[in-house]
Amino acid sequence: MIENVLHPRIIENKDWATILFVMSFALIAVTKSVFENRFSEFSRLLVSDKYIKIYRDNSQLMSWFNITLFIVHLISLAFFIQLALHYFGYASKTDWLLYIQIVTFLGVFILSKYLIEKIIATSFNIEEFIEQFNLQKVSYRTYIGLLLLPINVMLFYNNNVSKTLIFAIIAIVLIINLLTYLVSLKNYQNLLFSKMFYFILYLCALEIAPYYFMYYWFTKS
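## Some details on the nonpolar core
Okay, step 1: Residues Phe 42, Leu 45, Tyr 51, Phe 79, Tyr 99 and Leu 155 are the most contacted members of the largest nonpolar core, which totals 40 residues.
Okay, step 2: When residues of this core are traced back to their parent elements, those giving at least two are helix 1 (15-34), helix 2 (36-42), helix 3 (50-54), helix 4 (64-87), helix 5 (96-124), helix 6 (127-157) and helix 7 (163-187).
Okay, step 3: Here this core gets eleven residues from one element, more than from any other, and that element is helix 4.
Okay, step 4: Leaving out residues up to four positions away in the same chain, Leu 45 has contacts with Tyr 51, Ile 52, Ser 139, Tyr 140 and Tyr 143.

Structure representation (structure tokens):
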């Protein structure tokens, strides 16, 4: 007599991710249609600095163009972090509660860092420099977030991804971040040299220390 053993079929819920992906592409499409000329210049950011030269005014940092693309960047970066954790065996890529925790942590971290930067810039009387420097960093990092979005879609719906590919993507993102950071320093080198002492304090307090403590916390946890 053959005994049949029934096993429950576990179906992963991916609807929430699909909704977020569609919403992200919709936000990009709306932004492109509303800010057509600006988006066109922004799309060439990695090969031309014309966008930075045109939209370098401090008021541009809190414009709707940047706010909308920042939301997409936040969604995309949180997805990539969760996917990396999944492929390294630390989490599930379909865990929507974990995604909410990651995106909330990123949002609080970035906004808190921005507010602290504003306070320090006001204290050291380097507001103009920090605002322009942040605008340039935000532009490049938002661009990287948009580039990661289609990669996230591929990684999320593909179950046969090697760790080597994840390491390669992480390495490329870090290298691009470093290069864009150096470009930002080069563009403001004259202003930077006149306030070198304050910039070193800013660099240690807000560009090195937070990421070091995050790395320390994650590795110990």
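## Some details on helix 6
Okay, step 1: For helix 6, built from 31 residues, the straight-helix expectation of 45 Å at 1.5 Å per residue is met to within 8% by its first-to-last C-alpha distance of 44 Å.
Okay, step 2: In the structure, helix 6 departs most strongly from a straight axis at Leu 149, where the bend amounts to approximately 30° and where the proline Pro 150 lies between one and four residues downstream.

## Side note on helix 4
Okay, step 1: Over its 24 residues, helix 4 extends 35 Å from the first C-alpha to the last, a length consistent with the 34 Å expected when each residue adds 1.5 Å.
Okay, step 2: At the exit of helix 4 stands Gly 89, carrying a positive phi of roughly 85°.

## Quick word on the packing of helix 1 against helix 6
Okay, step 1: It is the contact of helix 1 with helix 6, at a shortest axis distance of 11 Å, that shows an interaxial angle of 155°. Taken together, the axes of helix 1 and helix 6 lie roughly antiparallel to each other. By crossing handedness, the relation of helix 1 to helix 6 is classed as left-handed. Two secondary-structure elements touch here, helix 1 through Ala 17, Thr 18, Phe 21, Ser 24, Phe 25 and Ile 28 and helix 6 through Leu 146, Leu 149, Asn 152, Val 153, Phe 156 and Tyr 157.
Okay, step 2: Considering only residue class, the contact of helix 1 with helix 6 consists of nine nonpolar, three polar and no charged.

## Considerations on the pattern of salt bridges
Okay, step 1: With the rule as written, the count across this model stands at two salt bridges.
Okay, step 2: For Arg 44, the salt bridge is made with Glu 41, and the minimal N-O distance between the two is 3.2 Å.
Okay, step 3: A salt bridge links Glu 41 to Lys 50; the shortest N-O distance between them is 3.6 Å.
Okay, step 4: Classification of Lys 50 as partly exposed rests on a relative accessible area of 42%.

## Overview of empty space enclosed by the protein
Okay, step 1: Taken as a whole, this structure holds one cavity of 30 Å³ or more when the rule is applied.
Okay, step 2: Looking at the largest cavity, its volume works out to about 40 Å³.
Okay, step 3: Considering the residues around the largest cavity, the lining is formed by Lys 137, Tyr 140, Arg 141, Asn 177, Thr 180, Tyr 181 and Ser 184.
Okay, step 4: Of all the elements in the fold, those that place two or more residues in the lining of the largest cavity are helix 6 and helix 7.

## Points about the environment of Phe 79
Okay, step 1: Position of Phe 79 among the secondary structure elements: in helix 4.
Okay, step 2: Accessibility expressed as a relative area gives 1% for Phe 79, which makes it buried.
Okay, step 3: Once the C-alpha coordinates of Phe 79 and Val 153 are considered, the two residues, 74 residues apart in sequence, prove to be 9.1 Å apart.
Okay, step 4: If we skip the residues at most four places from it in the chain, Phe 79 touches Trp 16, Ala 17, Leu 20, Phe 21, Tyr 99, Asn 152 and Phe 156.

## Considerations on the packing of aromatic side chains
Two measures describe an aromatic ring pair: the distance that separates the ring centres and the angle between the ring planes.
Okay, step 1: In total, this model carries 17 aromatic pairs according to the counting rule given.
Okay, step 2: When the centroid spacing of 5.6 Å and the interplanar angle of 80° are considered together, the rings of Phe 42 and Phe 65 count as edge-to-face. Here Phe 42 is found in helix 2, whereas its partner Phe 65 is found in helix 4, with 23 residues between them in sequence.
Okay, step 3: Under the relative-accessibility criterion, Phe 42 is labelled buried at 2%.
Okay, step 4: Classification of Phe 65 by relative accessible area gives buried; the value is 0%.
Okay, step 5: Judged by centre distance (6.2 Å) and plane angle (15°), the rings of Phe 105 and Phe 109 are stacked. With Phe 105 and Phe 109 both in helix 5, this residue pair falls four residues apart, about one helical turn.
Okay, step 6: Judged by its relative accessible area of 18%, Phe 109 falls in the buried class.

About the thresholds
Here the residue numbering is sequential within each chain, running from 1 through the sequence in written order. Side-chain atom pairs in this predicted model are given and counted only at pLDDT of 80 or more, local residue features only at pLDDT of at least 70, and totals for whole chains, interfaces and linings cover all residues. To obtain the side-chain values, all non-hydrogen atoms of the structure were included, while hydrogens and water were left out. Working definition of a nonpolar core: buried Ala, Val, Leu, Ile, Met, Phe, Trp, Tyr and Cys residues. They are joined through side-chain atoms within 4.5 Å. Categorising residues by exposure relies on relative accessible area from a 1.4 Å probe, with only protein chains included: less than 20% of the type maximum marks a residue as buried, more than 50% marks it as exposed, and the intermediate range marks it as partly exposed. Only DSSP runs of H or I with at least four residues qualify as helices, and only runs of E with at least two residues qualify as strands; both kinds are numbered from the N terminus onward. Working rule for contacts: check all heavy atoms of both residues, and any pair within 4.5 Å makes them a contact. Here the expected length of a helix is defined as 1.5 Å per residue gap, with one fewer gap than residues. We define the bend at each residue as the angle formed by axes fitted to the 7 residues ending at it and the 7 residues starting at it. For helices, the fitted line uses only the C-alpha atoms of the stretch in contact; every axis is such a line through C-alpha atoms, and the angle between N-to-C directions lies from 0 to 180 degrees. Angle categories are assigned with fixed cut-offs, so that under 35 degrees is roughly parallel, over 145 is roughly antiparallel, 65 to 115 is roughly perpendicular, and the rest are oblique. By the definition used in this description, the sense in which the near helix is turned from the far one sets the handedness, with an anticlockwise turn below a right angle giving left-handed and a clockwise turn giving right-handed. Following the grouping adopted for this structure description, the nonpolar residues are Ala, Val, Leu, Ile, Met, Phe, Trp, Tyr, Cys and Pro, the charged ones are Asp, Glu, Lys and Arg, and the polar ones are all others, Gly among them. For salt bridges, the criterion is a side-chain nitrogen of Lys or Arg within 4 Å of an Asp or Glu carboxyl oxygen. Cavity: a set of points on a 1 Å grid over the protein atoms alone where a 1.4 Å probe fits but cannot get out. Pocket: an open set with protein on both sides within 12 Å along at least five of seven lines, its lining residues, like those of a cavity, having an atom within 4 Å of a point. Grid points are joined across faces, edges and corners, and a volume is the space filled by probe spheres set on the points. Two rings belonging to Phe, Tyr or Trp (six-membered ring only in the last case) form a pair when the distance between their centres is within 6.5 Å. Interplanar angles under 30 degrees mark stacking, angles over 60 mark edge-to-face geometry, and anything in between is tilted.

All we've got here are geometric facts, nothing functional implied.
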